[in-house]
Amino acid sequence: LRRDHTAALRHLAAPLRATPQQVSTALNQLIAADTCIALGDYFADAAWWSEIVKSAQQAVLDFHQAQPDLPGLPLQEFRKSLPPNISEILVTHLFQSLAAEGVGSANNVLTSKSFSASLPDDIREPAARIEAALTADPLNPPGRAELTPDGPSRRALAFLIRTKRVIALGDK
């Protein structure tokens, strides 16, 4: 486990030339000593796994800090930051460990349960302009192209729609 960090239970007995009972006893001793943790049918070096979970949790918090207007770290981006040898089964266990630490996944993003989206300073003015334009003539609102002539305006409108401060009635 120190070398490979993880191992499937089915792969432990043969290389160790041990009986399944001996492997089970040794694993239970390692678990009791907090040297190893069980992840379903896998076992992981406890220090390595703890670092993986902390690193993932920090990546989510860093994303929230850098992008407070977005709902969370996209799973596709998150997966690129994982060690290359981590299997899908372990990724599932990682999500469970993150959930225990207050990080959840929904709509293809990871988000801290304590996070609340906020309007960053660089898009406050475009957001205010959009809200003013929409309230000026609510029965005849301007089109999306008029509301969002640039990147900051598009980000502001996306934030306003996501937070339900504005309702999108169509693509235009």
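Residues numbered from 1 in each chain as written. Predicted model: local features only at pLDDT ≥ 70, side-chain atom pairs only at ≥ 80, totals over all residues. Heavy atoms only, no water.

J.: Explain the packing of helix H3 (residues 46-66) against helix H5 (residues 88-100) residue by residue, including any values.
T.: Contact pair H3 / H5: the axes reach a minimum separation of 10 Å and the direction vectors enclose 65°. Taken together, the axes of H3 and H5 lie roughly perpendicular to each other. As H3 runs across H5, the sense of the crossing is right-handed. Contact with H3, carried on its side by Trp49, Ile52, Val53, Ala56 and Gln57, involves Leu90, His93, Leu94, Ser97 and Leu98 of H5 and no other residues of that element. Grouping the amino acids of the contact of H3 with H5 by side-chain chemistry returns seven nonpolar, three polar and no charged. (Axes fitted to C-alpha atoms, helices over the stretch in contact; angles between N-to-C directions. Helix = DSSP H or I, 4+ residues; strand = E, 2+ residues; numbered from the N terminus. Parallel < 35°, antiparallel > 145°, perpendicular 65-115°, else oblique. Left-handed = near helix turned anticlockwise from the far one by under 90°. Contact = heavy atoms within 4.5 Å. Nonpolar A, V, L, I, M, F, W, Y, C, P; charged D, E, K, R; others polar.)

J.: Any chance you could break down the side chain of Asp45 for me, citing the residues and the numbers?
T.: Take Asp45: it is sitting in strand E3 (residues 42-45). Although buried, Asp45 forms no salt bridge, and the nearest oppositely charged side chain, Arg2, lies 4.6 Å from it. Sequence-distant contacts of Asp45, defined by excluding residues within four places in its chain, comprise Leu1, Arg2, His5 and Thr35. (Buried < 20%, exposed > 50% of the residue type's maximum accessible area, 1.4 Å probe, protein only. Lys, Arg positive; Asp, Glu negative; His and termini not counted. Salt bridge = Lys/Arg side-chain N within 4 Å of Asp/Glu carboxyl O.)

J.: I'd like to hear about the sheet that holds strand E1 (residues 6-8), residue by residue, with values.
T.: As summarised here, the arrangement of the three strands in space is E1-E3-E2, forming an open sheet in which the pairing is antiparallel. This sheet does not close on itself; its edge strands, each paired only once, are E1 and strand E2 (36-39). On average, adjacent strands in this sheet sit at an angle of 25° to one another, irrespective of strand direction. Strand direction decides the pairing type here: E2 and E3, joined by four bridges, are antiparallel. The partner of Cys36 across the bridge, within E3, is Asp45. Relative to E2, helix H2 (residues 20-32) is tilted by about 115°, and along the sheet it contacts E2 and E3. Sitting on the sheet, H3 is in contact with E1, E2 and E3, with an inclination near 85° to E3. (Pairing = 2+ DSSP bridges.)

J.: Break down the pattern of salt bridges for me, with residues and values.
T.: Going through the model one piece at a time under the given rule, you end up with seven salt bridges. The salt bridge involving Arg155 is made with Asp122; its shortest N-O contact spans 2.9 Å. Note that Arg155 is positioned in helix H8 (residues 151-162) and Asp122 in the loop between strand E6 (109-112) and helix H6 (124-136), a separation of 33 residues in sequence. You can call Arg155 partly exposed: its relative accessible area is 29%. With a relative accessible area of 48%, Asp122 lands in the partly exposed category.

J.: Break down H8 for me, with residues and values.
T.: An ideal rise of 1.5 Å per residue puts 16 Å on twelve residues; H8 measures up with 16 Å between its terminal C-alpha atoms. Along H8, the positions that sit buried rather than exposed are Ser153, Ala156, Leu157, Phe159 and Leu160. End-on view of H8: buried residues confined to an arc of 160°, all on one side of the axis. The inward-facing, buried residues of H8 contact H6 and helix H7 (144-147). (Expected span 1.5 Å × (residues − 1). Arc of directions from axis to C-beta.)

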